[in-house]
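What the coordinates show
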Amino acid sequence: MKCADCQKYLPLYLDNECEPREKESIKAHLETCEACRNIRNHLQKEAEAISEAIGMERLPDSFTRSILDQLEPYPVVQQPQTEAVQEVASAPLRKRRNVFWKRTLVAACAVVILSITAGALISPAFAAYISSFISRIGGEFGLKRAAEQGFNTPVNQSVTDQGITLEIKDIVADQTRLVVSYVLKDESGNVLPNLVIRYYEENRIYLTDGAGNMITHKPHGLSQGAGYADLLFMLKKPPNDLIVHFEMVNLKPAALKQGNWKLDVPVNLEKSIQATKFIPVEGEAASFHGIDLDFEGVTYGPSATRFVVATRRTAEENERVEKLTGPGGALEGTSVGDYRLHYRIEDEAGTVITSQTNPGGNRHIYFSPGYSYPLEEGGDGAWRWYGAFVPSVAEEKLWFVLEAIEKTEQADLLIPFLPADLASNPVTKQDDKFSSIFTIERMEKGTDPTTNESVWLISLTGKMLESDFPLWKLYDEAGQSYEVRTDYSASVVSGSIDSEINELEQTLIVTGLSTLPDQLTLSLQTAQKRYTDINWKVAIPPNTP
């Protein structure tokens, strides 16, 4: 399999949606191609980030009432109108509202449309209520608030094929993000229960500017609620005009056949960009464990508050990494030198607003290294890290707190074992330096799933910080090394967002070993080390006029 083919099908492979033959071909290719493995690892981390992103919390049942109670109609301009309309417009508005809002949302929208047709002026907050973002019972308050203030783009465009309608409701966009609200409907106009759509492989959903230049080739996340779904696109420095392109040919599981659902939705950001403010932060640089950090500033947008932290490896750290991973290095081609940040936002009482390691709560939008961008001027090992959370209605004092730096380091863990004794005496080795523990459970004859050759298989379990399979080398008593590969079909790393330790079940394929020695040694090549001896706390500047 060629690299281009492997990378094309990697998203399906990671979603376990490949055909068996394709799956085996991709596995075989990944075992021999470091470049494609790196891409796979990146996609796995991005999938983690996506699962963390736009964690929509259900708002309390009192939310709708609290919004409605704040809506004040503009004075009505008296114009010639029909008798039926005149009855609504001429009655005391404040008095009628308490009775009127007890009716259904459908009835409310009908009166709004009737009033607008008759020439009555409705407040912007009231008009925004009919947007898909505001009318939801659940959903994120940042989007609701932006839509209420008029920063949404009503769309209501749709396309139908194979009896399935893709309907784009409306869009909220500012300099921090663009969120598209959509539904899928059946032939009777009923919203389908499963609104998840794939935005890779043959399906394409992407952003361009007005001239057709690519902004981002796919969404950064998808969230489904009761009767709606949202697509999230992260934005850095968007132009005034964007176009959201839908080129869908497969809406499985909603559609069983290939079809054609194509829509181009223009979005103008001029108003929201004018309402967005970036506040730089000076003099807040620090350096920990070979990583230089600089809190660059905060962007206040209508729907989100976003911060950015620039990081880069120090010159000494870069030199060390190059010696280890460069040509001829002991860990050539490995990810030694990679790093990630763990951080949180807290208020002046020390209450955590949201956190990279535990993004629960209704203030979270995205907060993950999966949304980092290389520094153009920084070269290898230099990144900008973006995090966004829902802005507060009230003024608040917040702090960015760096909790830890997690780095991929050279491991020095050796696990000697006697193959013949493993069945009755599994071998366990703990490494406190890297917060990991591994148990070699058995070694037995087996079959290589990619070649059908007879090989030795080592089965082990573990607990570790890594979210990917660890790399091992195998040595006999004479120092002879043997090739060791992971059998991905029989291995798994599992963990949750709010769990620091991942569970490992790994099967290693050993080739080149004809006679089983009395003793062997597994050598761990790399491991994640989390440095928590950090004291970096930066005050987030308030959004003042």
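Residues numbered from 1 in each chain as written. Predicted model: local features only at pLDDT ≥ 70, side-chain atom pairs only at ≥ 80, totals over all residues. Heavy atoms only, no water.

Description of the overall build of the chain
On a plain count of helices and strands, the chain comes out with 11 helices and 29 strands. Considering only contacts in the chain between residues 6 or more positions apart, those separated by 24 or more positions represent 64%. Of the roughly 26,100 Å² of accessible surface on the chain, 50% is carried by carbon and sulfur atoms. (Helix = DSSP H or I, 4+ residues; strand = E, 2+ residues; numbered from the N terminus. Contact = heavy atoms within 4.5 Å. Areas by Shrake-Rupley, 256 points an atom, 1.4 Å probe, with all protein chains shown as cover.)

Some words on the side chain of aspartate 347
Note on placement: aspartate 347 falls in strand β14 (residues 339-347). Of the side chains bearing the opposite charge, arginine 363 lies closest to the buried aspartate 347, which forms no salt bridge; the N-O distance is 7.3 Å. Polar side-chain contacts of aspartate 347 include one of 3.0 Å to the backbone nitrogen of alanine 349. Setting aside residues up to four positions removed in sequence, aspartate 347 forms contacts with Ile353, Lys397, Leu398 and Trp399. (Buried < 20%, exposed > 50% of the residue type's maximum accessible area, 1.4 Å probe, protein only. Lys, Arg positive; Asp, Glu negative; His and termini not counted. Salt bridge = Lys/Arg side-chain N within 4 Å of Asp/Glu carboxyl O. Polar contact = N/O pair within 3.5 Å; in protein donor to acceptor, adjacent residues only side chain to side chain.)

Some words on unusual backbone geometry
Although it is not a glycine, serine 435 adopts a positive phi angle of roughly 55°. Structurally, the position occupied by serine 435 is in the loop between β20 (427-431) and β21 (436-447). The class of serine 435 is partly exposed, set by a relative accessible area of 41%. Phi at asparagine 452 is positive, roughly 65°, even though this residue is not glycine. Its place among the elements puts asparagine 452 in the loop between β21 and β22 (454-464).

Here's the deal with the packing of aromatic side chains
The relative placement of two aromatic rings is captured by the distance of their centres and the angle of their planes. Going through the model one piece at a time under the given rule, you end up with 9 aromatic pairs. A centroid spacing of 5.8 Å and a plane angle of 85° characterise the contact between phenylalanine 307 and tyrosine 343, whose relative ring orientation is edge-to-face. Here the residue phenylalanine 307 occupies a position in strand β13 (residues 305-313), and tyrosine 343 occupies one in strand β14, the gap between them amounting to 36 residues. By relative accessible area, which is 1% here, phenylalanine 307 ends up buried. Relative accessible area serves as the criterion here: at 1%, tyrosine 343 is assigned to the buried category. Pairwise contacts between aromatic rings join Phe295, Phe307, Tyr343, Phe400 and Trp536 into one cluster. Just above the ring of phenylalanine 151 sits the side chain of lysine 271; from NZ or CZ to the centre is 5.2 Å. (Phe/Tyr/Trp six-rings, centres within 6.5 Å; stacked < 30°, edge-to-face > 60°. Lys NZ or Arg CZ within 6 Å of the ring centre and 35° of its normal.)

Things to note about the side chain of threonine 507
Tracing the backbone through its elements, the reader meets threonine 507 in strand β26 (residues 502-511). On the basis of relative accessible area, threonine 507 is assigned to the buried category, the value being 11%. Engagement of the side chain of threonine 507 in a polar contact is seen with the backbone oxygen of alanine 490, the distance being 3.4 Å. Each residue touching threonine 507, except ones within four places of it in the same chain, is listed here: Leu457, Ile458, Ser459, Arg485, Thr486, Asp487, Ala490 and Ser491.

With respect to the pattern of salt bridges
Under the criterion given, the structure shown has 23 salt bridges. Between glutamate 296 and arginine 384 there is a salt bridge, with the nearest N and O atoms lying 2.9 Å from each other. Residue glutamate 296 is found in strand β12 (residues 291-300), and its partner arginine 384 is found in strand β17 (residues 382-389); the two are separated by 88 residues along the sequence. A relative accessible area of 23% places glutamate 296 in the partly exposed class. The salt bridge partner of glutamate 444 is arginine 442, with a shortest N-O separation of 3.4 Å. Several salt bridges share partner residues, and in doing so they unite Glu317, Arg320, Lys407 and Glu409 into one network.

Brief notes about the sheet that holds strand β1 (residues 152-161)
Strand order in the open sheet made by the 5 strands is β1-β2-β3-β7-β6, with antiparallel pairing throughout. The open sheet has two edge strands with one neighbour each: β1 and β6 (221-225). Sheet twist, expressed as the average angle between the axes of neighbouring strands with direction ignored, equals 20°. Of the strand pairs in this sheet, strand β2 (residues 164-173) and strand β3 (residues 177-185) are connected by 8 bridges, and their pairing is antiparallel. Across the sheet, the residue bridging to isoleucine 171 is valine 180, located in β3. (Pairing = 2+ DSSP bridges. Axes fitted to C-alpha atoms, helices over the stretch in contact; angles between N-to-C directions.)

Some thoughts on the sheet that holds strand β9 (residues 261-268)
Pairing in this open sheet of 4 strands is antiparallel, and the strands run β5-β4-β8-β9 from one edge to the other. For this open sheet the edge positions go to β5 (214-216) and β9, each flanked by a neighbour on one side alone. Neighbour-to-neighbour, the strand axes of this sheet turn through a mean angle of 30°, independent of strand direction. Two strands pair when backbone bridges link them, and strand β4 (residues 204-209) and β5 are joined in this way by 2 bridges, in the antiparallel orientation. Within β5, the position partnered with threonine 208 by the bridge is methionine 214.

Focus: the nonpolar core
Residues Phe417, Phe438, Ile458, Trp472, Leu474 and Leu522 are the most contacted members of the largest nonpolar core, which totals 35 residues. Element by element, the count of residues in this core is highest for β22, at 4 residues. Filtering out sequence-adjacent residues up to four positions away, phenylalanine 417 remains in contact with Leu422, Val427, Ile440, Met443, Ile458, Leu474, Asp518, Gln519, Leu520, Thr521 and Leu522. Of all hydrophobic cores here, the second largest spans 33 residues; its members include Ile164, Ile168, Trp261 and Ile273. (Core = buried A, V, L, I, M, F, W, Y, C linked by side-chain atoms within 4.5 Å.)

Section: the environment of alanine 478
Among the secondary structure elements, alanine 478 is positioned in the loop between β23 (472-476) and β24 (481-486). Residue class for alanine 478 comes out exposed when judged on its relative accessible area of 75%. Expressed as a C-alpha distance, the spacing of alanine 478 and proline 517, which sit 39 residues apart in the sequence, is 9.9 Å.

Topic: the confidence of the model for the chain
The share of residues in the chain with pLDDT of 70 or more is 76%, and the mean pLDDT across the chain is 80. In this model residues 50-61 is a low-confidence stretch, pLDDT under 50, and it forms 43 contacts with partners more than four residues away in sequence or in other chains. When the criterion is pLDDT under 50, residues 70-129 qualifies, and its contacts beyond four places in sequence or with other chains add up to 55 contacts. (pLDDT = per-residue confidence, 0-100.)

Comments concerning the pairing of β21
Here β20 runs beside β21; their pairing, made up of 5 bridges, is antiparallel. Counted as the bridge partner of glutamine 430 is isoleucine 437 from β21. Joining the antiparallel neighbours β20 and β21 is a turn of 4 residues, in which serine 435 adopts a positive phi near 55°. Relative to β22, β21 runs antiparallel, the two sharing 10 bridges. Across the sheet, the residue bridging to threonine 439 is threonine 461, located in β22. Connecting β21 to the antiparallel partner β22 that follows it, the hairpin turn spans 6 residues, and asparagine 452 within it adopts a positive phi of roughly 65°.

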